Amino acid sequence: MSKILVTGGRGAIARGLSSLLATHGVPHRLASREPDKPGTVHCDLTDPATFPGALAGVRSVFLYAEAAAIDAFVKEAADAGVEHVVLLSSASVFAPDAADNPLAASHLAVEQALLASPLRTTLLRPGSFASNALGWAWPMKSGRPVHLPYPGAYSDPVHEADVAEAALAVLTDPSLGGRAYTLTGPRTLTFAAQLEILGEAVGRPVPFEAVSREQWKSEVDGYIPGPYAEALLDFWSASDGLPVGLTDDLERLTGHAPRTFETWSADHANAFRA
């Protein structure tokens, strides 16, 4: 089978996909901007000089949505004989302001570049990653209430292992490629409900405190750039009290129902314990 390049080698989805490919005996090459393990090749998606070596002999690519040098990547991939690119995009591209939204712009730009290219393109568009909850680890471990500007905001937390399985499916079954898939978890949950589930996983209640937009922005200043913080707040505001839509795309790709947030919380409970 042709070699697969898996970019973003330090990310949870890329690592999970690499493990699945290895288990299934599928030849592949793990790539990272900062290779940290033997066998990982150097591929910085912002640096075209790293593309030729990473793409040599490759026929399929699992690509993270970095737009900085996407035109150069597309050209190099086509020149190298790549036939299929599976992009880890985002459901944020459906936003009416996606081109100007910091949460969506890079994903949209990479989608557009790939779809305008000769490369067969498959788009994986997860909604909200369950792993976003890791942002609550520090207050939970310190015993402080989690500050939520919109406790009633809904999301569709999807387990990173399911996304890796979906990527495996579209990379190894030609009949599934060349399409767009919106990947969601099995339920739409408020942030308050997610904290209750996390509390059950760690064995103690997780208190939260509703805070203003401005207070939350001041608390994340230095960690989340202002435009991104504003975009997140607007996204949460839009889903405050409004359950988000779910799809069956993950189940169609993986053959099983998406993992629940309860499963994700149990899998990652130690990250929230002091």
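Being a predicted model, the structure only gives us computed values, none of them experimental. Each chain has its residues counted from 1, running along the sequence as written. Only residues with pLDDT of at least 70 are given local features in this predicted model, and only at 80 or more are side-chain atom pairs given and counted; all residues enter the totals for whole chains, interfaces and linings. No hydrogens and no water enter the side-chain calculation; it runs on all heavy atoms of the structure.

Draft legend 1. Local environment of the overall build of the protein chain. Counting secondary structure elements, the protein chain contains 11 helices and 11 strands. With the C-alpha coordinates of the protein chain rotated into their principal frame, the extents come out at 55 × 40 × 35 Å. Residues are treated as being in contact if the distance between any of their heavy atoms lies within 4.5 Å. For the protein chain, long-range pairs separated by at least 24 residues make up 73% of all intrachain contacts whose partners lie at least 6 apart in sequence. For this count, His and the chain ends are skipped, Lys and Arg are scored as positive, and Asp and Glu as negative. A charged residue contributes its charge at one atom only: NZ of Lys, CZ of Arg, CG of Asp or CD of Glu. Taken together, the 20 basic and 31 acidic charged side chains of the protein chain have centroids lying 6 Å from each other. A run of DSSP states H or I qualifies as a helix once it reaches four residues; a run of E qualifies as a strand once it reaches two. Both are numbered from the N-terminal end.

Draft legend 2. Quick look at the sheet that holds strand β1 (residues 3-6). Ordered in space as β3-β2-β1-β4-β5-β6-β9, the 7 strands form an open sheet in which the pairing is parallel. The outermost strands of the open sheet, each flanked by one partner alone, are β3 (41-42) and β9 (180-183). Two strands make a pair as long as DSSP finds a minimum of two bridges between them. In the sheet, strand β6 (residues 120-126) pairs with β9 via 4 bridges, with the strands oriented parallel. Considered in β9, the bridge of Pro126 is made with Leu183. Here the axes come from fitting lines to C-alpha atoms, over the contacting stretch only for helices, and the angles between their N-to-C directions go from 0 to 180 degrees. Helix α1 (residues 12-23) rests against β1, β2 (28-32), β4 (58-64) and β5 (84-88) of the sheet, and its axis sits at about 165° to β2.

Draft legend 3. The arrangement of the pairing of β2 in detail. Throughout this description, buried means an accessible area under 20% of the type-specific maximum (1.4 Å probe, protein chains only), exposed means over 50%, and partly exposed covers the range between. Among the 5 residues in β2, 4 count as buried, and that is most of the element. Examined bridge by bridge, β1 and β2 share 3 bridges and lie parallel to one another. The residue of β2 that forms the bridge with Leu5 is Arg29. Between the parallel pair β1 and β2, the chain is carried across by α1, and the sense of this crossover is right-handed. As paired elements, β2 and β3 share 2 bridges and run parallel to each other. Directly across from Ala31, in β3, lies its bridge partner Val41. Crossover handedness is defined by viewing with both strands directed away from the observer: a clockwise path from the first strand over the helix to the second marks the crossover as right-handed.

Draft legend 4. Geometry of the environment of His268. By the element assignment, His268 lies in the segment after α11 (261-267). Through-space distance from the C-alpha of His268 to that of Gly9 is 20 Å; in sequence the pair is 259 residues apart.

Draft legend 5. Here's a closer look at the packing of aromatic side chains. In this analysis, rings of Phe, Tyr and Trp, with Trp reduced to its six-membered ring, are considered paired at centre separations within 6.5 Å, and the interplanar angle assigns stacked below 30 degrees, edge-to-face beyond 60, and tilted for intermediate values. What the rule picks out here adds up to 7 aromatic pairs. With 5.5 Å between their ring centres and 90° between their planes, Phe191 and Trp236 make a pair best called edge-to-face. Here Phe191, found in helix α7 (residues 191-202), pairs with Trp236, found in helix α9 (residues 226-238); they are 45 residues apart in sequence, far enough to count as distant. With 6.1 Å between their ring centres and 70° between their planes, Trp264 and Phe272 make a pair best called edge-to-face. Of the two residues, Trp264 and Phe272, neither departs from the other in class, the shared state being buried. Taken together, the ring pairs in this structure connect Trp136, Phe191, Trp216 and Trp236 into an aromatic cluster.

Draft legend 6. Up close: the environment of Leu123. Looking at the element boundaries, Leu123 is found in strand β6. For Leu123, a relative accessible area of 4% translates into the label buried. Those residues in contact with Leu123 that lie beyond four places of it in its chain are Leu87, Glu111, Leu115, Arg179, Ala180 and Tyr181.

Draft legend 7. Here's a closer look at the packing of helix α3 (residues 70-80) against helix α4 (residues 105-115). Contact geometry for α3 and α4: axes closest at 10 Å, N-to-C directions at 30°. Put simply, α3 runs roughly parallel to α4. Relative to α4, the crossing made by α3 is right-handed. For the pair α3 and α4, the contacting residues are Ile70, Asp71 and Val74 in the first and Val110, Ala113 and Leu114 in the second. The class makeup of the residues in the contact of α3 with α4 is 5 nonpolar, no polar and 1 charged. Here roughly perpendicular refers to angles of 65 to 115 degrees, roughly parallel to angles under 35, roughly antiparallel to angles over 145, and oblique to all remaining angles. In this scheme the handedness of a crossing depends on how the near helix is turned from the far one: anticlockwise by less than a right angle means left-handed, clockwise means right-handed. Classes in brief: Ala, Val, Leu, Ile, Met, Phe, Trp, Tyr, Cys and Pro nonpolar; Asp, Glu, Lys and Arg charged; the others, Gly included, polar.

Draft legend 8. Region of the structure containing the packing of helix α8 (residues 213-220) against α9. Interaxial distance between α8 and α9 falls to 10 Å at its minimum, and their mutual angle equals 140°. The angle between the axes of α8 and α9 places the two elements in the oblique class. With respect to the hand of their crossing, α8 and α9 are arranged in right-handed fashion. For the pair α8 and α9, the contacting residues are Arg213, Trp216, Lys217 and Val220 in the first and Ala229, Glu230, Leu232, Leu233, Asp234, Trp236 and Ser237 in the second. Here the residues of the contact of α8 with α9 are counted per class, giving 6 nonpolar, 1 polar and 4 charged.

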